[in-house]
Amino acid sequence: DPTKSANGCCSLHNRLAWSPDSPAPRAGLSHSRKTCPMTTRAPLILAIESSCDETAVALYSKADGILANEVYSQIELHRQHGGVVPELAARDHLRRLPLVLQQALERAGKTLQDIELIAYTAGPGLLGALMTGAGYARALAYALGIPAIAIHHMEGHLLSPLLAEAQPEVPFVALLVSGGHTQLMAVDAPGKYRLLGQTLDDAVGEAFDKTAKLMGLPYPGGPELAALAEHGNAARFPLPRPMTNRPGMDFSFSGLKTQVRLLIEEQGNDTQTRADIAAAFQQAVIETLAIKCRRAWQETGYRDLVVAGGVSANRLLRQTLQQEAEKQRRRVYFPPLALCGDNALMIAFAAAQRYDGHDSPLDIAVQARWDLATLPPHPVAP
Ligand code: KG4
Ligand code: ZN
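**Student:** Would you explain the environment of V100 in this entry?
**Tutor:** Looking at the element boundaries, V100 is found in helix α3 (residues 86-108). Separated by 44 residues in sequence, V100 and A56 have C-alpha atoms that sit 6.9 Å apart. Leave out the neighbours within four places in its chain, and V100 touches T55, A56, V57, E70 and Y72.

**Student:** Whenever I open this one, the pairing of strand β3 (residues 65-73) confuses me. Can you help?
**Tutor:** Each regular strand displays side chains that alternate between the two surfaces of the sheet. In this structure, strand β2 (residues 54-61) lies alongside β3, joined through eight bridges in antiparallel fashion. Each residue of the ladder has a partner; that of A58, found in β3, is N69. Once β2 ends, the chain turns through three residues before running back antiparallel as β3.

**Student:** I would appreciate a short explanation of the site of ligand 1 in the present structure.
**Tutor:** In the vicinity of ligand 1 lie 17 residues, with H157, G179, D209, G310 and N314 positioned nearest. G310 places a polar main-chain atom, nitrogen or oxygen, 3.0 Å from an oxygen atom of ligand 1. Within the side chain of N314, one N or O atom sits 2.9 Å away from a nitrogen atom of ligand 1. Surface burial for ligand 1 is 84%, taken as the share of its 550 Å² of free accessible area covered by protein chains. Listed by contribution, the elements that provide at least two residues to the shell around ligand 1 are α5 (153-159), α6 (204-214) and α7 (221-229). When grouped by side-chain class, the residues that make up the shell around ligand 1 number four nonpolar, 11 polar and two charged.

**Student:** Mind showing me how you'd approach the sheet that holds strand β4 (residues 117-123) here?
**Tutor:** Two modes of strand pairing occur in sheets, parallel and antiparallel, and in both the strands are linked by backbone hydrogen bonds. Read from one edge of the open sheet, five strands run β3-β2-β1-β4-β5, paired in mixed fashion. The strands lining the two open edges of the sheet, one partner per strand, are β3 and β5 (148-152). Strand after strand, the sheet turns through a mean of 20 degrees between neighbouring axes, direction not considered. Contacts between helix α11 (residues 345-354) and the sheet are confined to β1 (45-49), β2, β3, β4 and β5, with β1 contributing the most and set at about 130 degrees to the helix.

**Student:** Can you walk me through the coordination of the zinc ion (ligand 2) in this structure?
**Tutor:** Each donor-metal-donor angle in an ideal tetrahedron of four donors is 109.5 degrees, and each such angle in an ideal octahedron of six donors is either 90 or 180 degrees. Those protein atoms acting as donors to the zinc ion (ligand 2) are H153 (NE2), H157 (NE2) and D342 (OD), and they sit at 2.0 to 2.1 Å. Coordination of the zinc ion (ligand 2) draws on donor residues from a single chain, spaced H-x3-H-x184-D in sequence. With H157 in helix α5 and D342 in the loop between β10 (331-333) and α11, this residue pair connects regions lying 185 residues apart in the sequence. In this pair, the class of H157 matches that of D342, namely buried.

**Student:** Before we go on, may I ask you to explain α11 in this structure?
**Tutor:** For an α-helix, the turn length of 3.6 residues means that residues three or four places apart are oriented alike. Counting buried residues along α11, nine of its 10 residues qualify, which places the element largely inside the surrounding structure. Residues L345, M346, I347, A348, F349, A350, A351, A352 and R354 constitute the buried set of α11.

**Student:** Hey, could you run me through the packing of α7 against helix α9 (residues 271-300) in this one?
**Tutor:** Pairs of packed helices are described in terms of their axes, by the angle between the two and the distance that separates them. Interaxial distance between α7 and α9 falls to 7 Å at its minimum, and their mutual angle equals 115 degrees. With respect to α9, the axis of α7 lies roughly perpendicular. Our pair here, α7 against α9, has a crossing hand that is left-handed. Where α7 abuts α9, its residues L225, A226, L228 and A229 lie against R274, A275, A278, A279, F281 and Q282. Each residue belonging to the contact of α7 with α9 can be placed in one class, and the counts come to eight nonpolar, one polar and one charged.

**Student:** Which parts of the structure should I look at to understand the side chain of E155?
**Tutor:** Tracing the backbone through its elements, the reader meets E155 in helix α5. A distance of 2.9 Å separates a polar atom in the side chain of E155 from a polar atom in the side chain of H378. Not counting chain neighbours up to four residues away, the residues in contact with E155 comprise G191, Y193, A350, R354, L372, L375 and H378.

**Student:** Could you clarify how one ought to interpret the packing of α6 against helix α8 (residues 254-267) in this entry?
**Tutor:** Look at α6 against α8: their axes get within 10 Å of each other, and the N-to-C directions meet at 15 degrees. Taken together, the axis directions place α6 and α8 in an arrangement best described as roughly parallel. At the point where α6 passes α8, the crossing takes the right-handed sense. Only K257, V260, R261 and I264 of α8 make contact with α6, whose side of the interface consists of K210, T211 and L214.

**Student:** Help me out: how do you make sense of unusual backbone geometry in this one?
**Tutor:** Glycine aside, a negative phi is what most residues show, and trans is what most peptide bonds show. Here G123 and P124 are connected by a cis peptide whose omega angle stands at -15 degrees. In this fold, P124 is placed in the loop between β4 and α4 (127-144). Of note, the amide linkage connecting V170 to P171 takes the cis form, showing an omega dihedral of 0 degrees. Position of P171 among the secondary structure elements: in the loop between α5 and β6 (172-177). In this model, M243 sits at a positive phi of 65 degrees, which is unusual for a non-glycine residue. Along the chain, the position of M243 falls in the loop between α7 and α8.

**Student:** Before we go on, may I ask you to explain the nonpolar core in this structure?
**Tutor:** Generally speaking, nonpolar side chains in soluble globular proteins are found buried as a group. Ranked by internal contacts, the top residues of the largest apolar core, which has 60 residues, are I118 and L158. With eight residues, the single largest contributor to this core is α11. Excluding anything up to four places from it in sequence, L158 contacts F172, A174, L176, V187, Y193, V306, A308 and L372. Within the second largest apolar cluster, 48 residues are counted, among which are M215, L228, L263 and L316.

**Student:** How should I be thinking about the packing of aromatic side chains in this particular structure?
**Tutor:** Given two aromatic rings, their pairing is described by the distance between the two centres and the angle made by the two planes. Scanning the model with the defined rule gives three aromatic pairs in all. Ring centres of F208 and F281 lie 5.2 Å apart, and the angle between their planes is 80 degrees; this geometry places the pair in the edge-to-face category. Separated by 73 residues along the polypeptide, F208 in helix α6 and F281 in helix α9 bring together distant segments of the chain. Note on accessibility: F208 and F281 belong to one class, buried. Each ring, one from F251 and one from F253, has its centre 5.8 Å from the other, and the planes form 20 degrees; the classification is stacked. Just as F251 is buried, F253 falls in that class too.

Calculation rules
- Residues numbered from 1 in each chain as written.
- Chains lettered and ligands numbered in written order.
- Predicted model: local features only at pLDDT ≥ 70, side-chain atom pairs only at ≥ 80, totals over all residues.
- Heavy atoms only, no water.
- Helix = DSSP H or I, 4+ residues; strand = E, 2+ residues; numbered from the N terminus.
- Contact = heavy atoms within 4.5 Å.
- Pairing = 2+ DSSP bridges.
- Near = heavy atom within 4 Å.
- Polar contact = N/O pair within 3.5 Å; in protein donor to acceptor, adjacent residues only side chain to side chain.
- Areas by Shrake-Rupley, 256 points an atom, 1.4 Å probe, with all protein chains shown as cover.
- Nonpolar A, V, L, I, M, F, W, Y, C, P; charged D, E, K, R; others polar.
- Axes fitted to C-alpha atoms, helices over the stretch in contact; angles between N-to-C directions.
- Donors = N, O, S within 2.8 Å, 3.2 Å for Na, K, Ca; no water.
- Buried < 20%, exposed > 50% of the residue type's maximum accessible area, 1.4 Å probe, protein only.
- Parallel < 35°, antiparallel > 145°, perpendicular 65-115°, else oblique.
- Left-handed = near helix turned anticlockwise from the far one by under 90°.
- Core = buried A, V, L, I, M, F, W, Y, C linked by side-chain atoms within 4.5 Å.
- Phe/Tyr/Trp six-rings, centres within 6.5 Å; stacked < 30°, edge-to-face > 60°.

None of the figures reported here should be taken as evidence of function without further support.
Structure representation (structure tokens):
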């Protein structure tokens with residue numbers, strides 16, 4: 001078989017394979033037999049996520065599924081400052097990474113020598129936090145002589161609903177709602193993303209967090225505000241649905257925050273009023289999202305909508321979009337609740353779709369901002 005190399009691998013490997021008289025290969029640069037895409041369909045992937053305030057490590061392979069998914073949250077560290085302090089986040093990632101990795105290996109019953117591919121979040125996110133994870137991942141891959149690949153954090157989120165039982169069909173629409181992003185994307189083919197609309201100011205999670213802070217709720221405010229809203233009457237305070245009276249799928253959420261500030265000043269701060277304000281805010285945000293999702297369905301003609309990112313854990317958002325999907329005779333998919341927030345499993349899963357046998361460059365290039373639409377499509381399985 002001409003495609004087989006001397007060591008039973010592929011022709012690409014044959015070219016890259018080293019002989020005693022060629023210089024020793026640089027670890028991690030080319031693909032080795034162990035990770036040859038022609039022989040190894042499903043490498044065991046170690047993934048590292050450190051873009052914000054979660055230190056996360058996962059072990060996953062397409063063949064064996066989820067072996068470990070460890071998340072260490074820095075919430076306690078940042079709570080006393082009322083928000084994420086980037087420098088503290090980076091230092092804490094470095095401190096925790098070896099421990100979380102150890103925990104993941106133990107959970108999976110694996111050793112470092114079993115790992116065949118390392119995936120790490122290269123952006124978007126906090127630069128220092130990203131660099132600790134990327135540096136750690138790259139160094140580990142170098143020492144083990146295996147490849148490492150850089151993964152886009154939002155692609156991880158976007159693909160996380162595919163880790164649930166019910167599966168959307170490509171092409172589909174994706175609503176990404178996290179602390180840093182609010183975007184509607186068309187997923188025209190696997191890995192091929194087209195921006196339909198995005199926020200012009202605050203992201204949804206950010207709007208929840210800032211509004212919660214105004215209301216005196218602790219960090220991270222999103223889930224706290226949502227919990228308070230459960231006891232509130234949203235109809236008491238009519239709030240606008242920003243940018244829904246003009247065409248398009250862009251969003252703007254910073255105005256709502258100001259409206260809430262005025263309400264707090266005018267209406268006082270008793271328990272029921274606070275709950276009513278929280279409910280009115282939440283309802284305004286979620287209805288606005290639902291209106292734009294309806295437009296995205298219409299514009300693309302796609303049947304399926306995937307919702308992902310930290311805010312996709314929100315109960316009212318799930319319920320509202322489910323109802324909207326039924327009304328429109330479409331379908332909506334969410335990640336399992338445990339995978340809505342930041343985790344490394346979604347990074348491993350994205351890597352499993354994206355890995356084509358090639359290593360990312362050895363320099364550790366992380367990006368605070370990174371446009372999802374610039375990613376190449378996923379490789380087609382041979
Ligand atoms: O995706 P994520 O974990 O981190 C980023 O990549 O940003 O998203 C975190 C965001 C935070 O703003 C948090 O307040 C928000 O998601 N969030 C929620 C809920 N759970 C998390 N917002 C509203 N309702 C929730 N239940
Ligand atoms: Zn995230």
